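In case you want the letters, here they are:
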Amino acid sequence: PAELGRISIKIVVDGDEVQAIVRAETPEALAALEQHMPELQASLSDRGFSDAELDLALGFESESEEHLSGAHAVEPSPDQIHRLFANAEGVDFYA
């Protein structure tokens, strides 16, 4: 819901490894994301990303390229994006 504030999701795909860096604008949004963490992990696992790393935190200012655990950011292919978000509801692909 809009009243929870914005969230930012950065997905880094490096070969078969996937890292999702999720930032929430408000503590309430972060709590909601944390509450649904098992569902997020299961959704990624169902799409073939069972070892995906989910990094949840509050605030947008801590986003940086150094936080990517040494991985170099690459543009995911349309196929990889489709695998990640197939059947996703309410996903806004525009940034």
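Residues numbered from 1 in each chain as written. Predicted model: local features only at pLDDT ≥ 70, side-chain atom pairs only at ≥ 80, totals over all residues. Heavy atoms only, no water.

**Focus on the overall build of the protein chain**
Note the threshold: Here a helix means four or more residues in a row that DSSP labels H or I, a strand means two or more in a row labelled E, and each is numbered from the N terminus. Working rule for contacts: check all heavy atoms of both residues, and any pair within 4.5 Å makes them a contact. What sets the accessible areas is the Shrake-Rupley method with a 1.4 Å probe; for residues, cover comes only from the shown protein chains.
Secondary structure summary: the protein chain contains three helices and three strands in total. Each helix and strand of the protein chain, placed in order from N terminus to C terminus, yields the pattern β-β-α-α-β-α. For the protein chain, the proportion of contacts with a sequence separation of at least 24, taken over those separated by at least 6, is 64%. Within the structure as shown, the protein chain displays about 6500 Å² of accessible surface, and the carbon and sulfur contribution to it stands at 52%.

**As for the pattern of salt bridges**
The criterion, for reference: Salt bridges, as used here, are contacts in which a Lys or Arg side-chain nitrogen is within 4 Å of a carboxyl oxygen on Asp or Glu. Summary of the burial criterion: residues with accessible area below 20% of their type's maximum are buried, those above 50% are exposed, and those between are partly exposed, where the area comes from a 1.4 Å probe applied to protein chains only.
A complete count under the given rule lists two salt bridges for this structure. Close ionic contact of Arg 6 with Glu 25 constitutes a salt bridge, the shortest N to O distance being 3.3 Å. On the criterion of sequence distance, the pair formed by Arg 6 in the segment before β1 (7-14) and Glu 25 in the loop between β2 (17-24) and α1 (27-35) is long-range, its members being 19 residues apart. Classification of Glu 25 as partly exposed rests on a relative accessible area of 37%. Between Asp 55 and Arg 23 there is a salt bridge; the shortest N-O distance is 3.2 Å. Taken together, the positions of Asp 55 in strand β3 (residues 53-58) and Arg 23 in strand β2 put the pair 32 residues apart, joining distant regions of the chain.

**What about the sheet that holds β3?**
Hydrogen bonding along the main chain pairs the strands of a sheet, whether they run parallel or antiparallel. For clarity, the cut-off: A pair of strands is considered paired only if DSSP assigns at least 2 bridges between the two. Only the contacting stretch of a helix is used when fitting its axis, a line to C-alpha atoms as for every element, and angles between N-to-C directions run 0 to 180 degrees.
With mixed pairing, three strands are arranged side by side in an open sheet as β1-β2-β3. Only two strands of the sheet have a single partner each, and these edge strands are β1 and β3. On average, each strand axis in the sheet is tilted by 15 degrees relative to the strand beside it, whichever way the strands run. Judged from the six bridges that link them, β2 and β3 form a sheet pairing that is parallel. The residue of β3 that forms the bridge with Arg 23 is Ala 57. Relative to the sheet, α1 contacts β1, β2 and β3, its axis offset from that of β3 by approximately 155 degrees.

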